[in-house]
Amino acid sequence: MRVSNGGICDLSRTTAGRQNTIHQATILNASPVAGIACWDTEMDTYRQIVLAARPKGVPTPDNFRLESGPLPVAAEGQLLLRTKYLSLDPYMRGRMNDAKSYAAPIELGEVMEGEVIAEILESLHPSYRQGELVQGRTGWRTHAAVPAHATRRVETGGNPPTTALGVLGMPGFAAYSGLKVIGQPKAGETVVVAAASGPVGSLVGQLARLAGARAVGITGGADKCTYVRNHLRFDAAIDHRAEGFSDALAAACPDGIDIYFENVGGPVWDAVLPLLNRYARIPVCGLVAHYNEGKPAGGSPVAETILTVLRRSLLIRGFINTEFATEHYDGFLKELRPLVRSGDIRYREDIAEGLEAAPGAFIDMLAGRNFGKTLVRIS
Ligand code: NDP
């Protein structure tokens, strides 16, 4: 269980004489996972967290194991990396199951998968120098030796490096591409998105507003609602954990819903379904409400859903952000970097301290106890 130390760091910055409160990083102290010993960080050892057992339902600390060993050695063409930040993302829950999906599961005993920002400790590749920052999928570990081509330089256009894992990284691109390619918001339309304070949902709503649409965010709890409405400037924010959620959502969407950007599924989908307008578009980005279930069932009335798809000519399309990368990734970075720098697009980070805190922070995120993009500061 994590406890906020109350340490809210205001990372407001000034760009070209303009005061831009771009984001606040909430520093949370995740307590070390029970059963995982804390090791002294020594120069010649590395630590990693592996999948110890497959979760049944909600993951628990027992599903993870901390290991340590001698530092890896870089071979010709490789980089020796020290992880600075680890990104924790909901998709990792799926990889913990032994189930067929768009990506292979993590094997028992294998290091947990994840994207990181790392510093080059040693380069055996002519194009990279010691001290440079790169990003890559090296997993939940303090160090790694990897081929240089498996990484890329962190280039955030003047924004903090951590944005490469959030608003200017994979979650940001999922929001951008799903909305642009599938949602296609138009002025005056109503766009609804859940997990609205997180990295995907927060960008979906802000981009919808920049396109002239009305953004309605669904999120858990009063604090997140206030943040989504006041700081992210959505037109409305509805608490899906509060009594009367469906009625409140209907009241916030008097003209129905033209785009529902699906991040969660579950009871939120049930509340959205009757409000969908004719020709509504539904980018299906994620179903986090179902990730801890054996199979995605929930309580949704499937027959009613399909009938609604037919009667209202709905366009529902699932996507994995990588399928849009070739065509849209460069445009995403070109468009978003200046908007983030100027503060027109805002974001928030929720940073846990130390590798040992990663399992707890991950468990908390799946339960909605994160507030913003979940990261772990490793070094
Ligand atoms: P977040 O950082 O927003 O964390 C997940 C959030 O989901 C929680 O904070 C919680 O927010 C919400 N949540 C959890 N359980 C429920 C529930 N039962 N009902 C409603 N909301 C719930 O996550 P991301 O922004 O990183 O990801 C959002 C979604 O996008 C996920 O489904 C993820 O898998 C998906 N995704 C898909 C990609 C793709 O390529 N298709 C790429 C990246 C992400 P709250 O407290 O507000 O309820």
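Check the entry above for the structure.
Since this is a predicted model, take the numbers as computed values, not measurements.

Basis of the calculations
Residues numbered from 1 in each chain as written. Predicted model: local features only at pLDDT ≥ 70, side-chain atom pairs only at ≥ 80, totals over all residues. Helix = DSSP H or I, 4+ residues; strand = E, 2+ residues; numbered from the N terminus. Contact = placed C-beta atoms within 7 Å. Axes fitted to C-alpha atoms, helices over the stretch in contact; angles between N-to-C directions. Parallel < 35°, antiparallel > 145°, perpendicular 65-115°, else oblique. Nonpolar A, V, L, I, M, F, W, Y, C, P; charged D, E, K, R; others polar. Near = placed C-beta within 6 Å. Domains from an automatic or database assignment. Buried ≥ 20, exposed ≤ 12 C-beta atoms within 10 Å, placed from the backbone. Left-handed = near helix turned anticlockwise from the far one by under 90°. Pairing = 2+ DSSP bridges. Right-handed = clockwise from strand over helix to strand, strands pointing away.

Novice: Hey, could you run me through the overall build of the protein chain in this one?
Specialist: Within the protein chain one finds 9 helices and 19 strands. Relative to all contacts within the protein chain whose residues are 6 or more apart in sequence, the contacts with residues 24 or more apart total 66%.

Novice: I keep staring at the packing of helix H2 (residues 170-183) against helix H8 (residues 325-342) and nothing clicks. Help me out?
Specialist: Between two packed helices, what matters for the description is the angle formed by their axes and the separation of those axes. Packing of H2 against H8 leaves a shortest axis separation of 10 Å and a crossing angle of 110°. When the axes of H2 and H8 are compared, the pair comes out roughly perpendicular. In contact with Gly172, Phe173, Tyr176, Ser177, Lys180 and Val181 of H2, H8 contributes His328, Tyr329, Phe332 and Leu336. Class assignment for the residues of the contact of H2 with H8 results in 6 nonpolar, 3 polar and 1 charged.

Novice: What exactly am I supposed to notice about the site of the ligand here?
Specialist: What surrounds the ligand is a group of 33 residues, the closest being Gly198, Gly220, Gly286, Ala289 and Gly368. Counting only elements with at least two residues in the shell around the ligand, the list comes to H2, helix H3 (199-210) and helix H6 (266-272). Each of domain 1 (2-163 + 347-377) and domain 2 (170-322) gives at least three residues to the shell around the ligand.

Novice: Honestly, helix H9 (residues 358-366) in this entry has me stumped. Any pointers?
Specialist: Burial analysis of H9 places 9 of its 9 residues in the buried class, which makes it a mostly covered element. Ala358, Pro359, Gly360, Ala361, Phe362, Ile363, Asp364, Met365 and Leu366 are the residues of H9 that are buried. Glycine 368 occupies a position one or two residues after H9 and carries a positive phi of about 85°.

Novice: Would you mind showing me how to read the packing of H2 against H3 here?
Specialist: Direction vectors running N to C along H2 and H3 enclose 40°, while the axes themselves pass 8 Å from each other. In terms of their interaxial angle, H2 and H3 are classed as oblique. The crossing of H2 and H3 is right-handed. In contact with Pro171, Gly172, Ala174, Ala175, Tyr176 and Leu179 of H2, H3 contributes Pro199, Val200, Leu203, Val204, Leu207 and Ala208. In the contact of H2 with H3, the residues fall into 11 nonpolar, 1 polar and no charged.

Novice: Whenever I open this one, the pairing of strand S19 (residues 373-377) confuses me. Can you help?
Specialist: The two faces of the sheet receive side chains in turn, since in a regular strand these alternate between them. Counting buried positions along S19 yields 4 of 5 residues, so the element is predominantly enclosed. Pairing geometry for strand S7 (residues 78-87) and S19, over 3 bridges, is antiparallel. The residue of S19 that forms the bridge with leucine 86 is valine 376. Viewed along the sheet, the connection from strand S18 (residues 349-353) through H9 into S19 turns out right-handed.

Novice: For this particular structure, what's the right way to read the sheet that holds strand S16 (residues 276-284)?
Specialist: The pairing of strands in a sheet comes from backbone hydrogen bonds and takes either a parallel or an antiparallel form. Spatially, the 6 strands line up as an open sheet ordered S14-S13-S12-S15-S16-S17, and their pairing is parallel. One side of each edge strand has no neighbouring strand; the edge strands of this open sheet are strand S14 (236-239) and strand S17 (315-318). Averaged over neighbouring strand pairs, the angle between their axes works out to 15° when direction is ignored. Across 3 bridges, the pairing between strand S12 (residues 190-194) and strand S15 (residues 257-261) is parallel. Residue pairing in the sheet places valine 191 in a bridge with isoleucine 259 of S15. Contacting S12, S15, S16 and S17, H2 crosses the sheet at an angle of about 140° to S16. Of the strands in this sheet, S12, strand S13 (214-219) and S15 are in contact with H3, which crosses S12 at around 170°.

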